[in-house]
Amino acid sequence: RMEARVERHMRRKKQKVLLIVSVGENEGKSTVAANIALAMAEKHKKVLLLEGDLRKPAQHKVFDELSVGRISFSEVLAGKAGWREAAVRNAKNGVRELFQFQPVAEPSRILDLSLLKRLLEEMKQEMDYIIVDTPPTAVAADAELWMQVCDTALLVVREDWSDVRAVNDTVDLIWQSSGDFAGFVLNAFRGKTVRNQYGYGEYAGHER
């Protein structure tokens, strides 16, 4: 249901690039990004799951992928390989994977706004959707750079994890950077109103 609402939001606004972000670490954004990509691929969409967190990459762990023979996204950014040869289609689930397999000490040296825009424009021509998993906003400024090149963003919030003021600040940052906010994912929510592990809500102001 969450994927359906996100896709409906993006389809209505003719968007292709979805940013998955959180305020802090361990809020579940990488799992959410993977699940949305898998759900879209199940609907026979051409989906690219892109690891944008170069400091602490997690997607290769989520999918239990080995680095042997694989090209990391940092090599694409450094001009050592093309994104098409680096993006591998997972035969089991149909998701195209462009992962980072080793941490990068100083991502700012290879992360360039114009380069990211060009890469994403090329990817848009061939993919139905691109899901970008970014570092938490409280950990690195990389997420702010990604916000400027993605069409919309989904904020993963784990219950009792990040301060509500930081959550509101991140929402404001998303609006200022990307100009569009798809909503919240309430992760590990124990409230009685949410039956499943994930809850989805549209942004309704700072009271959240």
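Residues numbered from 1 in each chain as written. Predicted model: local features only at pLDDT ≥ 70, side-chain atom pairs only at ≥ 80, totals over all residues. Heavy atoms only, no water.

Asks: How would you explain the overall build of the protein chain if you had to name every residue and give the values?
Replies: Helix and strand content of the protein chain: 8 helices and 8 strands. Seen along its three principal axes, the alpha-carbon backbone of the protein chain occupies a region of about 45 × 35 × 30 Å. Scored against the burial criterion, the 208 residues of the protein chain give a buried share of 53%. Of all intrachain contacts in the protein chain linking residues separated by at least 6 positions in sequence, the fraction that spans at least 24 positions is 77%. Total accessible area on the protein chain stands at roughly 10,200 Å², and carbon and sulfur atoms take up 47% of it. For the protein chain, the distance from the average position of its 31 positive side-chain charges to the average position of its 30 negative side-chain charges is 5 Å. (Helix = DSSP H or I, 4+ residues; strand = E, 2+ residues; numbered from the N terminus. Buried < 20%, exposed > 50% of the residue type's maximum accessible area, 1.4 Å probe, protein only. Contact = heavy atoms within 4.5 Å. Areas by Shrake-Rupley, 256 points an atom, 1.4 Å probe, with all protein chains shown as cover. Lys, Arg positive; Asp, Glu negative; His and termini not counted. Charge placed at Lys NZ, Arg CZ, Asp CG, Glu CD.)

Asks: Got a sec to walk through the pattern of salt bridges? Specific residues and values, please.
Replies: Summed over all chains, the structure comprises 18 salt bridges. Lys43 is paired through a salt bridge with Glu7; the nearest N and O atoms lie 2.6 Å apart. With Lys43 in the loop between α2 (29–42) and β2 (47–51) and Glu7 in helix α1 (residues 2–12), this pair connects stretches of sequence that are 36 residues apart. Arg84 serves as the salt-bridge partner of Glu126, at 2.7 Å between the closest nitrogen and oxygen. Of this pair, Glu126 sits in helix α6 (residues 113–126) while Arg84 sits in helix α5 (residues 83–86), and the two are 42 residues apart along the sequence. Salt bridges sharing common partners tie together Glu3, Glu7, Arg11, Lys43 and Lys45. (Salt bridge = Lys/Arg side-chain N within 4 Å of Asp/Glu carboxyl O.)

Asks: Before we move on, could you go through the packing of α1 against α2 and cite the residues and values that matter?
Replies: Running from N to C, α1 and α2 point in directions that differ by 80°, and their axes come no closer than 10 Å. One element, α1, and the other, α2, form an angle in the roughly perpendicular class. Contact residues: α1 offers Met2, Glu3 and Glu7, while α2 offers Val32, Ile36, Ala39 and Met40. Classifying every residue of the contact of α1 with α2 by side-chain character gives 5 nonpolar, no polar and 2 charged. (Axes fitted to C-alpha atoms, helices over the stretch in contact; angles between N-to-C directions. Parallel < 35°, antiparallel > 145°, perpendicular 65-115°, else oblique. Nonpolar A, V, L, I, M, F, W, Y, C, P; charged D, E, K, R; others polar.)

Asks: Pulling in residues and values, what's your account of the side chain of Ser22?
Replies: In this fold, Ser22 is placed in strand β1 (residues 17–22). In terms of polar contacts, Ser22 uses its side chain to reach the backbone carbonyl oxygen of Gly24, at 2.8 Å. Setting aside residues up to four positions removed in sequence, Ser22 forms contacts with Glu27, Lys29, Pro136, Thr137, Leu155 and Val156. (Polar contact = N/O pair within 3.5 Å; in protein donor to acceptor, adjacent residues only side chain to side chain.)

Asks: Would you mind going over the pairing of strand β7 (residues 181–187) in detail, with residue names and values included?
Replies: For β7, the tally of buried residues reaches 6 of 7 residues, placing the bulk of the element in the interior. Strand direction decides the pairing type here: strand β6 (residues 152–158) and β7, joined by 6 bridges, are parallel. Directly across from Val156, in β7, lies its bridge partner Val185. Between the parallel pair β6 and β7, the chain is carried across by helix α8 (residues 164–177), and the sense of this crossover is right-handed. (Pairing = 2+ DSSP bridges. Right-handed = clockwise from strand over helix to strand, strands pointing away.)

Asks: Tell me what's going on with the packing of aromatic side chains, and back it up with residues and numbers.
Replies: For the structure on display, the rule yields 5 aromatic pairs. For the pair Trp175 and Phe181, a centre-to-centre distance of 6.4 Å together with 75° between the ring planes defines the contact as edge-to-face. We classify Phe181 as buried; its relative accessible area is 3%. Linked through ring pairs, Phe63, Phe99 and Phe101 together constitute an aromatic cluster. (Phe/Tyr/Trp six-rings, centres within 6.5 Å; stacked < 30°, edge-to-face > 60°.)

Asks: Describe the confidence of the model for the protein chain, and please don't skip the residues or the numbers.
Replies: Looking at the protein chain, the pLDDT average stands at 88 and 90% of residues meet or exceed 70. Scored below 50 in pLDDT, residues 193–208 makes 45 contacts in the model with residues more than four places away or belonging to other chains. (pLDDT = per-residue confidence, 0-100.)

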